Amino acid sequence: MNTSVATANPTSVTLDGGFFARRTWGDWLFALLVLAGALFAFQRYHASMDVYEKWILAGTAPVLIGLGWFWRPLRTLMLVVAGLSLLAVLSYAGDLRRADSVFWLKYFLSSQSAILWMSMIFFMSTVFYWLGMFSRGQSEALEGIGSKLLWVAVTLALVGTLVRWYEGHQMGPDIGHIPVSNLYEVFVMFCWMTALFYLYYESQYRTRAMGAFVMLVVSAAVGFLLWYTLVREAHEIQPLIPALQSWWMKLHVPANFIGYGTFALAAMLGFAYLIKQQAEETRWYKLAPIWVFGIALCFVPIAFRQRGVGEAGGSYWLGYALVAALIVGTILLGRRRIAARLPSFEVLDDVMYKSIAVGFAFFTIATVLGALWAAEAWGGYWSWDPKETWALIVWLNYAAWLHMRLMKGLRGTVASWWALAGLAVTTFAFIGVNMFLSGLHSYGSL
Amino acid sequence: MAAAATPCMTASHSTHGYQPRHGSAAWRASVELLSSMRFAIALLTVICIASVIGTVIKQHEPAPNYVNQFGPFWAELFLKLQLNAVYSAWWFLLILAFLVVSTSLCVLRNTPKFLADIRSYKENIRHQSLQAFHHKAEGELDESPEVAARRIGQQLAGGGWKVRLQARDTPEGQGWMVAAKAGAANKIGYIAAHSAIVLICLGGLFDGDLFVRAMTWLGGKSVYSGGGLVSQVRPEHRLPETNPAFRGNLVVSEGTQSSTAILSQSDGVLLQELPFAVELKKFIVEYYATGMPKLFASEIVIHDKATGQTQPARVEVNHPASYKGVQIYQSSFDDGGSRVKLRAVPMNGAAKAFEVEGTIGGNAQITNGSDKLTLEYTALRVINVENLSEGARGSGADVRKVDLGQALTQRLGAADKTVTQRELRNIGPSITYKLRDAAGQANEFHNYMLPVDMGDGGAVFLLGVRASQAEGFRYLRVPADEDGAIDGFVRLRGALQDAAQREQAVRRYVRKAVDPQRPELVEQLAQSASRALGLFAGAEAVNGRTTGGLQAVSDFIETAVPESERERAAEVLLRILNGSLLELNDLARQAQGKPPLTESEASRRFMTQAVLALSDAPLYPAPVAFELTGFEQVQASVFQVARAPGKNVVYLGCLLLILGVFAMLYVRERRLWVWLAPRGAGAQASMALSSNRKLLDVDREFEQWQRRLLRRESEL
């Protein structure tokens, strides 16, 4: 019966062409610009970089090119951000006081102005996504505006970050550093990282209806950021303590925030999934858990506070609580409409898996990088420091989630609740540990 | 014969454990349990919970701290369960060991299966079973089965698939089966990631305190719980240089050397002999303008014990040194026995001024008549950067009461400024010491060497005091005199305590204040002045209590004056008090041969601050305050020394883990079959795809391949 077994002819016919054959002239131009930028940075600043930092710069160019090629809108984003940042740097001309006199700097491009604009635009984007969710007939247009605003906010966040980097170096030769060193700076990073991942999934799945949910967590982070700036004045650039003076920081922190951002994204999709599932539910006690959990999640930043709510700027937080309760309540009231607008369960589930997968992969890298750094700074790759321990707990939590999903086919309700609970654990690891538990990682106290 | 294949066979591996064929039922069941995923997940959950406990309960504290925090019952229970050292508790290590065994069994069970699976094309699948797949499609092709098979095979190979073709004879003629597979890296990733867990755990266990424990259990070493000098500790508490893995602290003072590290255990310490001695030449600490530390560095010389060679090195945070497999890290710093010169300043007028010299960490006995006090030199700080702005002093304007536009403008701009103004200044060296009485009660004091200008022009000496570590220091602000010394105040305070001088001051004050035309007022004013001064000095009682200070004056007014007149009475009495104190000060100066205080802004400020300080001085809980008059700083550097041979194994594990995770998550393992049955001149194609990931991507990929592979020539 079986007569012959032959292997296929190894000469291959390419169907979609090679990776490089698919590059457009725009891709190559972009690559050239990135390389030119990297070379310029090297030529100008190589004297103040150690050998590792030079390698990081060398590695940044291909990574940026790869990202731009992987998803083309990033090319535009990077070019616009670079252009605006350069404009800001040129306008400063080495004098920070020009931030008070040069129009562009004062109102748009100085780091604080850019980040305040970013905050406002994130809020506006959230509003437009929600209007789109509830509007009849105009949904597409409103969500489109929300999406455009989101791009603007991400651009401003990145401009603010880069200009802040420059400003730090202008304050003094020993003060400047990459702005990923304290809670304020990483919150900005969390906001744009989460938003950018969302925008990617939005374009991949061709639906903007998830934005309303994802923007909730970004808005919550922005709310915290504003409180941190206005009440605590945490925005002031601080020099680095000796333990943080290391090139490892440039790798460890961003890798971590890819994890935090995507975990938050996944949790909000889990939330959306649960709302969609409860669309036809009318018994209040069935809905109550989601409502309570939603508010609790909004409250994660202060639920962990040791000091009283009143002491920490009482009216601000009371307002925050009220807004949180109202938002979650409204979402539940409008659940039918929301359910109709949201993409199918399969899409929600798929995006949830994808973002947890990418988050887990980068969280693994971040933890390993952290261990390598710890081995150099603290004298041991693992010290059971509270932050390390909680990072391990977060990692194990998502490892278990992925195991259940991939091996046992877990999805739907349980996976969604688990992703939401995962956000609580992640937030504790991210903020709670800094507030509660003293340890080696106390860089962002509240 | 084509083997029977079902979709589930090609689907992912099972999560059940390894089932051995031999042995008793119980043995087989336990091996299955041990190697199953559910057991591994349960272990991970327990590890998570234990880890949380370890972060909530402070680790490695002295036992009494737990009793204070949780009460005797819970403290004992926690110590029994070793919750004070969770991560090195026997049960925690046991769980980790189980995890290693479980994961190893899991890898051992799956690896051969996976390797066989990677090699196999599964081209013998029965064509009927293609119908059972979730992703399946049918199509009619113009080509003959063989031509179609070769074309499809080439297309798949071009897309990166590994392909095998098989011709089968069927009643209708020769049919062709195309079997293709892609994403074998997924299975390799599984093996890599799970072996990585085993490697990391093993490496970590190796670098943990396994060897140290082995030596205390089997090597006859025991934990030392006493105090005293390192050199006097007996050899049974010392671990040999050959100990392969340890992590401990090494404290070296400037100008000395040390070769014995201290490994702290929950019930004491062990000493670890190093193959070299570390000599500290100099410890360098630099600060930013904000007072934040900028650099910790130690200039050291390493002396090899065996060869006698020396090697200089510099150790900084983030830049460790390494010698003979031992890493030396900058961990912390301490005082290495700085010598300080202190001058005792009498605070109640009774004590006499004297000088003492001592070393930080040491103590001295001081006697003052019947009182015997122990002076413990706690700390010397050479640099103190403090925020001396208006806002920090609590008198700043309310920043919230500005209009919105202005508020916004303040927030715009560069991130180098804050709305709340801060004025950071280095206010010089300070000394911290404790005074312990005969009963063992101690207050802690914190005095700055130099007077500090708090922003209002007058310089004050800050004398801090607190009763326990938990409190912040409260500061008595003593004005500096015209020589910038504390003596002016001490002189005034001494005079205030002396009834005769008070009396004399009152007389002088009255003589100056009363109009000679109205002698009837003399008696009245003298009475008021002497009462005010007496109350202020704490010599007169109000309601049977002698409080002293402005409080006594206020108490007096409250009891003696009707409510409606109190405000005016207070004003008058304060003026009288200030006037008398000025005279008292001049008297005291005169007694020491100094000219009277000239009328000036500085003198006025001195007197104002002196009145406040005199008022608070009775609350100062010590007869003397020690003023720092000179010091010679000696620093000590605290190094962490570690030998961690398991590190490379752990790093290899980490690398495998990262590669494995990416392979498992981003490489989908797929298999694709196309069965081409002859139909007339063309072929009837049935296609199926299986993947170990159920994702929308798989649907998309299947649709793509379906479009490409099952197209007719005529459609091109």
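Residues numbered from 1 in each chain as written. Chains lettered and ligands numbered in written order. Predicted model: local features only at pLDDT ≥ 70, side-chain atom pairs only at ≥ 80, totals over all residues.

## Notes on the overall build of chain B
Right, on to step 1. For chain B, the count of helices and strands is 17 helices and 26 strands.
Right, on to step 2. Its C-alpha atoms give chain B a radius of gyration of 42 Å, more than 25% over the compact-globule value 27 Å for 716 residues.
Right, on to step 3. Reported as C-alpha extents along the three principal axes, the dimensions of chain B are approximately 145 × 75 × 50 Å.
Right, on to step 4. Within chain B, the proportion of its 716 residues that are buried is 32%. (Helix = DSSP H or I, 4+ residues; strand = E, 2+ residues; numbered from the N terminus. Rg over C-alpha atoms; globule rule 2.2 N^0.38 Å. Buried ≥ 20, exposed ≤ 12 C-beta atoms within 10 Å, placed from the backbone.)

## Things to note about the overall build of chain A
Right, on to step 1. Each helix and strand counted, chain A has 16 helices and 1 strand in total.
Right, on to step 2. Of the contacts made within chain A by residues no fewer than 6 positions apart, 77% connect residues no fewer than 24 positions apart. (Contact = placed C-beta atoms within 7 Å.)

## Let's talk about the nonpolar core
Right, on to step 1. Counting residues in hydrophobic clusters, the biggest one holds 151 residues, and the most contacted among them are Cys191(A), Met268(A) and Leu269(A).
Right, on to step 2. Examining the composition of this core, we find that 20 residues originate from one element, helix H14 (residues 345-377) of chain A, more than from any other.
Right, on to step 3. Leaving out residues up to four positions away in the same chain, Cys191(A) has contacts with Phe122(A), Ala157(A), Val218(A), Ala221(A) and Val222(A).
Right, on to step 4. Judged by nonpolar contacts, the second largest core, of 59 residues, contains Leu380(B), Leu496(B), Ala505(B) and Leu581(B). (Core = buried A, V, L, I, M, F, W, Y, C linked by C-beta atoms within 7 Å.)

## Comments concerning the interface of chain A and chain B
Right, on to step 1. Opposite the 68 residues of chain A that make contact, chain B presents 64 residues.
Right, on to step 2. Among the secondary structure elements, those contributing two or more residues to the side of chain A that touches chain B are strand S1 (2-7), helix H4 (103-109), helix H5 (111-134), helix H6 (139-171), H14 and helix H15 (386-408) of chain A.
Right, on to step 3. Among the elements that line the side of chain A that touches chain B, the one with the most residues is H14(A), at 13 residues.
Right, on to step 4. Of the residues belonging to the side of chain A that touches chain B, the class tally is 37 nonpolar, 20 polar and 11 charged. (Nonpolar A, V, L, I, M, F, W, Y, C, P; charged D, E, K, R; others polar.)

## A word on the sheet that holds strand S13 (residues 354-359) of chain B
Residue and element names in this part refer to chain B.
Right, on to step 1. With respect to topology, 3 strands assemble into an open sheet ordered S13-S12-S23, the strand pairing being antiparallel. Of all strands in the sheet, those bounded by a partner on one side alone are S13 and strand S23 (624-632). The mean angle between the axes of side-by-side strands here comes to 30°, regardless of whether they run parallel or antiparallel.
Right, on to step 2. The pairing of strand S12 (residues 339-346) with S23 spans 8 bridges and is antiparallel. Bridging from a neighbouring strand, Ala344 pairs with Phe626 of S23. (Pairing = 2+ DSSP bridges. Axes fitted to C-alpha atoms, helices over the stretch in contact; angles between N-to-C directions.)

## A word on the domain arrangement of chain A
Residues and elements named next belong to chain A.
Right, on to step 1. The domains assigned to chain A are domain 1 (58-176) and domain 2 (182-446).
Right, on to step 2. Taking the mean C-alpha position of each, domain 1 and domain 2 sit 22 Å from one another.
Right, on to step 3. Contacts between domain 1 and domain 2 engage 31 residues on the former and 26 residues on the latter.
Right, on to step 4. Of all elements in the fold, only H5 and H6 reach the threshold of two or more residues within the side of domain 1 that touches domain 2.
Right, on to step 5. In terms of residue count, the dominant contributor to the side of domain 1 that touches domain 2 is H6 (16 residues). (Domains from an automatic or database assignment.)

## With respect to the confidence of the model for chain B
Note: predicted coordinates in regions of low pLDDT should not be interpreted at a detailed level.
Residue and element names in this part refer to chain B.
Right, on to step 1. Model confidence for chain B is summarised by a mean pLDDT of 86, while 94% of its residues fall at 70 or above.
Right, on to step 2. Across residues 1-13, confidence stays below pLDDT 50; counting only partners more than four residues off in sequence or on other chains, it has 24 contacts.
Right, on to step 3. Low pLDDT, under 50, characterises residues 392-402; the predicted model gives this stretch 7 contacts beyond four residues in sequence or across chains.
Right, on to step 4. Under the prediction, the complex receives an ipTM of 0.90, its pTM being 0.87. (pLDDT = per-residue confidence, 0-100.)

## Quick notes on helix H3 (residues 73-92) of chain A
Residue and element names in this part refer to chain A.
Right, on to step 1. For H3, which comprises 20 residues, the first-to-last C-alpha distance of 29 Å matches the rise-based estimate of 28 Å (1.5 Å per residue) to within 8%.
Right, on to step 2. Within H3, burial applies to Arg75, Met78, Leu84, Ser85, Ala88 and Tyr92.
Right, on to step 3. Next to the buried residues of H3 lie helix H1 (25-45), helix H2 (51-70), H4 and H6.
Right, on to step 4. Of the residues flanking the end of H3, it is Ala93, one or two places downstream, whose phi is positive at about 50°. (Expected span 1.5 Å × (residues − 1).)

## Some points on the pairing of strand S18 (residues 430-436) of chain B
In summary, the side chains of a regular strand alternate between the two faces of the sheet.
Residues and elements named next belong to chain B.
Right, on to step 1. Side chains Ile431, Tyr433 and Leu435 project from S18 onto a buried face, and the interleaved Ser430, Thr432, Lys434 and Arg436 project onto a face without burial.
Right, on to step 2. Of the pairings in the sheet, the one linking strand S15 (residues 371-381) to S18 comprises 7 bridges and is antiparallel in character. Paired with Arg381 across the strands is Ser430, a residue of S18.
Right, on to step 3. Taking the residues that link successive antiparallel strands as the turn, the S18-strand S19 (residues 442-448) hairpin has 5 residues, and the phi of Gly440 there is positive, at about 90°.

## Description of helix H4 (residues 63-80) of chain B
Right, on to step 1. For H4(B), which comprises 18 residues, the first-to-last C-alpha distance of 11 Å sits more than 12% below the rise-based estimate of 26 Å (1.5 Å per residue).
Right, on to step 2. After H4(B) finishes, the residue Gln82(B) shows a positive phi value of roughly 60°.

## Regarding unusual backbone geometry
All names here are of chain A.
Right, on to step 1. Phi at Ala93 takes a positive value of approximately 50°, unusual for a residue other than glycine.
Right, on to step 2. Topologically, Ala93 is positioned in the loop between H3 and H4.
Right, on to step 3. Its 8 C-beta neighbours within 10 Å are what place Ala93 among the exposed residues.

## Considerations on the environment of Leu332(A)
All names here are of chain A.
Right, on to step 1. Considering the arrangement of structural elements, one finds Leu332 in helix H12 (residues 314-333).
Right, on to step 2. Sequence separation between Leu332 and Asp174 is 158 residues; the distance between their C-alpha atoms is 52 Å.
Right, on to step 3. Residues within four places of Leu332 in sequence aside, it is in contact with Leu287, Ile290 and Trp291.

## Things to note about the packing of helix H7 (residues 185-207) of chain B against helix H16 (residues 647-666) of chain B
All names here are of chain B.
Right, on to step 1. For the pair H7 and H16, the least separation of the axes is 7 Å and the interaxial angle reads 155°. Accordingly, the angle class assigned to the pair H7 and H16 is roughly antiparallel. Note on packing geometry: the crossing formed by H7 with H16 is left-handed.
Right, on to step 2. Across the contact of H7 with H16, the residue classes break down as 19 nonpolar, 7 polar and 2 charged. (Parallel < 35°, antiparallel > 145°, perpendicular 65-115°, else oblique. Left-handed = near helix turned anticlockwise from the far one by under 90°.)

## So, the pairing of strand S7 (residues 268-287) of chain B
Residues and elements named next belong to chain B.
Right, on to step 1. Pairing of strand S4 (residues 238-239) with S7, which is carried by 2 bridges, proceeds in the parallel orientation. Pairing of Arg238 across the sheet is with Leu271, part of S7.
Right, on to step 2. Sheet topology places strand S6 (residues 257-265) next to S7; 8 bridges connect them, and they run antiparallel. Pairing of Ser264 across the sheet is with Val269, part of S7.
Right, on to step 3. Linking S6 to S7, which pair antiparallel, is a turn of 2 residues.
Right, on to step 4. The turn linking S7 back onto strand S8 (residues 293-304) is made up of 5 residues, and Gly291 within it adopts a positive phi angle of 90°.

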